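Residues per chain are reported as follows:
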Amino acid sequence: MATLWIYPSLLFFLFPSLTPSQALRNYPENEVTLLDTMSALGDLGWEAYPAEGWEEISVMDERNTPMRSYQVCNVMEASQNNWFRTRHIAREGAQRVYIEIKFTLRDCNSLPGVPGTCKETFNMYYYESNNPNLWFIKESQYIKIDTIAADESFTQTDVGDRVMRLNTEIRDINNLSKKGFYLAFQDVGACIALVSLRVFYKKCPLAVLNLAQFPDTVTGGDSALVEVRGSCVNDSEEFEAPRMYCSGDGGWLVPIGRCVCKPGFEENKDYCQACRPGTYKASSMDAYCSKCPPHSFSHQEKASECSCEKGFYRADMDPRSMACTRPPSAPENPISTLNDTSVTLEWSPPRDSGGRGDVTYSIHCRKCAGDGRICSPCSNNVHFVPRQFGLSIPKVLITDLLSNTNYTFSVEAVNGVSDLSPTPKQLVTVNITTSQTVNVILKERKSKDSITLAWQGPDRPNGVIVEYEVIYYEKNQRDQNYTVLKTKGHMMTVEGLKPGTTYVFRVRARTDGGYGNYGGEIELETSHEDMLAIGGPNQSTILAVSIAGGIVLLTFLVACFVVSGRHCGYIKAKQDPDEEKMQFQNGRVKLPGSRTYIHPHTYEDPNQAVRDFAKEIDASTIRIERVIGAGEFGEVCSGRLKLPSKREIYVAIKSLKAGYSEKQRRDFLSEASIMGQFDHPNIIRLEGVVTRCKPVMIITEYMENGSLDTFLKKHDGQFTVIQLVGMMRGIASGMKYLSDMSYVHRDLAARNILVNSNLVCKVSDFGLSRVLEDDPEAAYTTRGGKIPIRWTAPEAIAYRKFTSASDVWSYGIVMWEVISYGERPYWEMSNQDVIKAIDEGYRLPAPMDCPVVLHQLMLDCWEKSRSERPKFGQIVNTLDKLIRNPNSLKELANSSVWEDPTTPEFSVSTVDEWLDAINMGQYKDNFANAGYVSLDSILYISMCELSKMDVTLVGHQKKILSAVQSLHAQGTHVQV
Ligand code: ACK
């Protein structure tokens, strides 16, 4: 080993003391060292030629560790050409390698007496080869890397001052393709000491980001980015394929996609940890494990759902986050009202709904013989109105029963988990016996001592009629004497009567099941001896004398009065003469018997309209309990109403504030005179009005859950699709009723629908002034008049063409509000923008998780041409079909903001504007604090990140992510 040095005084300064940190190198984690002379033990064994040129020497560092180095200093002789080359350096797959050299170089001027041939640079070369054992490489084969000059050379003074001038230079060679290469250094007459040589390449070090692991990756040549696919860490799965780019300088760039923890696991920094007992995570899309909902538990780690406690259940469609529920208790307080062979059953809802809002009722009917012990299911001939199963209201009308028959009706309350419970159903039972009257007598033929009667048997006898029994007696003499006669036929002549005497007749039938009820009393008088019987003995007179006949007649008369009598005091009018014309043109004929709404303004005296349609209630029967809101005319309160001989009921009470004008009073009460004309389970029911004392009040049924929009916002994401469709169905049914009555609502919106405790939705808000004054959504149009733009059909906005078809448009918007849990239609777009967008063909996109069929129905309601929109009756039928076939609701619409490619884009350019536009403005600070300051930055935001930045409501997370998708759909790109 050569340790000679021709300028011994120089030697020390060519190898100044090295600090331990220089000797023990800590390489950056993104560099892989292929060669480092500082850590070489023993000879480097490099080739140096000619022999008097470069020299390998050993020096000691501070810790006495030998270091190998090369030096040359032939400055005194001209024409130097001294080379040394390294051994073969394998490149280990790297395409670009870096060479870091540390050297010292003597300033020629500081060397006394050196000739002008003294140099202050040297050259660096490489030669690529697959052969690791080349013993000779021609100079001309080398490729030059660079001529290296010292940034710092040192002088004699430095030597004297013992000042170190160590230079560090880094060069790289690119696009290597062979197994390795040799490095060579050429000296042409300088005084150099090569202190260290390090060869390395760069890699992107193993990294875990967004729960995806990216392996150590060698950087590409020519600064190219290397795309790397990440693999999800344990217990996670791909949400979007994770990718990153490894840059030329060993840094990771542009993370795309991510993994999410599987159900049962939650994210903790770079890994997924199991949910602890008592918590669960149902979906990989949820960020964190949540506490088990009420009445459920998880005893083990990693739970993806919590099991229900004993006696509690979860229906298939229930979200895992919902409390476990149980079947409802039995309905209560059944009341039956019998009318011949029909019965109306009413009952109170169960005291315990089981924790669910989807309680419905089913009626089981059994016909019982004898003493009621032998019962069998009722035949299919019995009819239930509106239906036998799945009743949403606690009332049913049962018709076409057999007469004189015992029936047992069991009313069962059912909810979404009733079928899952093995416990017997909770029923309330009602027993009734129908009557069997011989109810129509056709003829009487009279003489002075006989009367002939003929009758028809009961409509629906409970068996074969064995015989009829006729009972008669002299009027007012029943207690003393009466006669019973029997016959198998339908006619009987009773003889031996006194002339000129009034007799009372009654007839009843007997079947195998026993006697039915007597029909009504018929009074007939025999002829006087001295005069001809009326009509002569053979003359038949057709009489409608039975009670039933009388009832039919009475009903008919009442109907006539209702229909025709109302013409007397005022003119019957429709809301819009055009509407009537349109109905005619469309060939829409009103069904006989269907009523038409009468506008209170058609009354000369509006108070008469109130008297005609609203019942006056005695104020003493009302107990006001609390204020629940404010209406246009005064407070809205809840309370109770107890009318004589009726059950006490909860009511809503709207009052007219003091100091009102006559016009205000009229407008206030107009709502009652409109509402009072309606009678439908999906229209808010008017109980009556108080007008005779102050304050003037309108009393309606109480709707426990208030208005639909507030209710939905409060229960965001908590209902099953079927429940939502059920609500829509109710609203559509109420609207069908209104449109059948030719009533156009004009302000149909979720805020004007009320919801009761059974989730039954009812249309409300019928005041005359409501669209003008009451609705905060109503805005003035250019043609004057206030219109709730977002809910209103274009023709109604443009030229006030309000029809049932424009109500259908509004209904589509209500459907959208329902599915989106009370989201504001068109979010924060201005009214003007909404009008413009609709005109250009834009339609609201399907809300999150909206079944395709429902969005299609909405789009149908929003047909530009109003004649192409469905009628409410069709909407009800469509929804009924969907309810009967829930599978049809499974296919979800892909949520995208733009339904029509020609639609204008959101004009937002900042994250704040965007959050405002999607109605999530409350999270501006959260986004800013988390560093999301540009729209591009939010494009890859994930649910986990939202949770981390305290956007924890799942509904809000979904809404934001859906809006992010829409941003993608608009073609916003990440700027890399
Ligand atoms: O959303 P809400 O609770 O439901 O607040 C409004 C408020 O009164 C002003 O209109 C509520 N409200 C109106 N009518 C009724 C009713 N029949 N039953 C229950 N709440 C009602 C409405």
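Structure shown above.
Procedures and definitions
- Residues numbered from 1 in each chain as written.
- Predicted model: local features only at pLDDT ≥ 70, side-chain atom pairs only at ≥ 80, totals over all residues.
- Heavy atoms only, no water.
- Core = buried A, V, L, I, M, F, W, Y, C linked by side-chain atoms within 4.5 Å.
- Buried < 20%, exposed > 50% of the residue type's maximum accessible area, 1.4 Å probe, protein only.
- Contact = heavy atoms within 4.5 Å.
- Axes fitted to C-alpha atoms, helices over the stretch in contact; angles between N-to-C directions.
- Helix = DSSP H or I, 4+ residues; strand = E, 2+ residues; numbered from the N terminus.
- Parallel < 35°, antiparallel > 145°, perpendicular 65-115°, else oblique.
- Left-handed = near helix turned anticlockwise from the far one by under 90°.
- Pairing = 2+ DSSP bridges.
- Near = heavy atom within 4 Å.
- Polar contact = N/O pair within 3.5 Å; in protein donor to acceptor, adjacent residues only side chain to side chain.
- Areas by Shrake-Rupley, 256 points an atom, 1.4 Å probe, with all protein chains shown as cover.
- Nonpolar A, V, L, I, M, F, W, Y, C, P; charged D, E, K, R; others polar.

(A) Representation of the nonpolar core. Formed by 78 residues in total, the largest nonpolar core has its most connected members in Phe678, Leu708, Ile731, Phe766, Tyr811, Leu854 and Leu879. Non-local contacts of leucine 854, meaning those with residues more than four positions away in its chain, are made with Val725, Met728, Met815, Ile819, Leu879, Leu882 and Leu889. Counting residues in hydrophobic clusters, the runner-up holds 33 residues, among them Leu34, Leu44, Ala94 and Ile192.

(B) Up close: the packing of helix 6 (residues 606–613) against helix 7 (residues 662–675). Where helix 6 meets helix 7, the closest approach of the two axes is 9 Å, and the angle between their N-to-C directions is 30°. Judged by the inter-axis angle, helix 6 sits roughly parallel to helix 7. In this structure, helix 6 meets helix 7 at a crossing whose hand is left-handed. Contacts between helix 6 and helix 7 involve Pro606, Asn607, Ala609, Val610 and Phe613 from the first element and Arg665, Arg666, Leu669 and Ser673 from the second.

(C) Quick peek at the sheet that holds strand 42 (residues 622–630). The strand order across the open sheet built from 5 strands is 42-43-44-46-45, with neighbouring strands paired in antiparallel fashion. What marks the edges here is a single partner per strand, and that holds for strand 42 and strand 45 (686–690). Strand-to-strand twist in this sheet, taken as the mean axis angle between neighbours without regard to direction, amounts to 25°. Examined bridge by bridge, strand 44 (residues 649–655) and strand 46 (residues 697–701) share 5 bridges and lie antiparallel to one another. Considered in strand 46, the bridge of serine 655 is made with methionine 697. Of the strands in this sheet, strand 44, strand 45 and strand 46 touch helix 7, which is tilted by about 35° from strand 46.

(D) Broad picture of the site of the ligand. Every one of the 14 residues lining the ligand counts as a neighbour, but Ala652, Thr700, Glu701, Met703 and Ser707 are closest to it. Measuring from a nitrogen atom of the ligand, one finds a backbone N or O atom of methionine 703 at 2.9 Å. Serine 707 places a side-chain nitrogen or oxygen 2.4 Å from an oxygen atom of the ligand. When the ligand sits alone it has 450 Å² of accessible area, and the protein chains cover 75% of it. At the level of secondary structure, the elements contributing two or more residues to the shell around the ligand comprise strand 42 and strand 46. The element best represented in the shell around the ligand is strand 42, accounting for 3 residues. Considering only residue class, the shell around the ligand consists of 8 nonpolar, 5 polar and 1 charged.

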